[in-house]
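# Remarks on the overall topology
Each chain, written out:
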Amino acid sequence: MSGGQGCLTANDWICGEYVRSRSQELTDATVQNVWITLVSVVIGLLIAFPLALLARGHGGRRSRFAGPVLGLTTVLYTVPSLAMFSLLLPVFGLSAAVVVTGLVLYSLTVLVRNILAGLEAVPAEAREAALGMGYGRGRLLWEVELPLALPALLAGVRIATVSTVALTTVGAIVGYGGLGTLIVDGLDSLFKAQVLTASVICVLLAVVADLLLLGLQRLLTPWTRVRTPRIRTGRAAISTTRIAKAG
């Protein structure tokens, strides 16, 4: 295998000339993969958060809506991706909205469950102390519960993002698959270098996204790196969230 024109002629798996000659094509596909992933995860998070609150109910206990919410998101996740996109096609037509909507629905399972788990893990003593200090439900959620639930929430975002990077490639069936479009075209034409290069870039995207989100998680939750007990109770828990936000 060589890096010159010969590798294209020989149809080698590894071909530097392919990367050089198709750099713009690879860049466009990568950018499409990234923005579809980003938009899907952000929208999924915006939908998953109120759903998790609906399932959580009040006082840290699951509401009567928990079963239907968790059940529905689980059912959506079991629908095969090809079937999901095919069902959405008559609604949105051949557009990126088909891919984004399908990926949003898939992300809900992980995001809703992780947000719910994080909120349920907040110590009851922290809630009681905050209420005793005059916190309303809104302030309790945003200033006490949500900061303490951040590790679980961001862990869910990491999982959803990595899986979405890969699932975006299935959007090639409607022409909006990012790197998946190159992979499918390469398989159809038996173009080995294109298949391998697009696949490697897709894997690298997932790894980079996971590392970036891990760094963000460590930045936003500095108390999880302290070797003292991670969860404090009562007024100490409230003070921890204030210090973390101030830092």
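Source: prediction; values computed, not measured. (Residues numbered from 1 in each chain as written. Predicted model: local features only at pLDDT ≥ 70, side-chain atom pairs only at ≥ 80, totals over all residues. Heavy atoms only, no water.)

Further remarks concern the overall build of the chain. In terms of helices and strands, the chain carries 11 helices and zero strands. Written out in order from the N terminus, the α and β elements of the chain read α-α-α-α-α-α-α-α-α-α-α. Looking at the chain residue by residue over its 247 residues, the buried ones come to 43%. Look at the contacts in the chain between residues 6 or more apart in sequence, and 70% of them connect residues 24 or more apart. Accessible area of the chain: about 12,700 Å², with a carbon and sulfur share of 67%. (Helix = DSSP H or I, 4+ residues; strand = E, 2+ residues; numbered from the N terminus. Buried < 20%, exposed > 50% of the residue type's maximum accessible area, 1.4 Å probe, protein only. Contact = heavy atoms within 4.5 Å. Areas by Shrake-Rupley, 256 points an atom, 1.4 Å probe, with all protein chains shown as cover.)

Here the focus is the confidence of the model for the chain. With 87% of its residues at a pLDDT of at least 70, the chain reaches an overall mean of 83. Here helix α11 (residues 234-246) stands out as the element of the chain with the lowest mean pLDDT, 46, in contrast to helix α3 (residues 23-56), whose mean of 93 is the highest. Scored below 50 in pLDDT, residues 228-247 makes 34 contacts in the model with residues more than four places away or belonging to other chains. (pLDDT = per-residue confidence, 0-100.)

This brings us to helix α4 (residues 66-78). Relative to the 18 Å expected for 13 residues at 1.5 Å per residue, α4 spans 18 Å between its end C-alpha atoms, a close match to the ideal helical length. Along α4, the positions that sit buried rather than exposed are Ala 66, Val 69, Leu 70, Thr 73 and Leu 76. Take α4 and look down its axis: the buried residues cluster within an arc of 125°, on one side only. Of the exposed residues in α4, those oriented more than 90 degrees away from the buried face are Pro 68, Leu 72, Val 75 and Thr 78. On the buried face of α4, the contacting elements are α3, α5 (81-92) and α6 (96-120). (Expected span 1.5 Å × (residues − 1). Arc of directions from axis to C-beta.)

This brings us to the environment of Ala 66. Along the chain, Ala 66 turns up in helix α4. Separated by 50 residues in sequence, Ala 66 and Leu 116 place their C-alpha atoms 9.5 Å apart.

With that out of the way, let us pick up the environment of Ala 126. You can see Ala 126 is positioned in helix α7 (residues 124-132). A residue is classified by how much of its surface remains accessible, and Ala 126, at 0% relative accessible area, is buried. Taking the C-alpha atoms as reference points, Ala 126 and Val 144, separated by 18 residues in sequence, lie 7.6 Å from one another.

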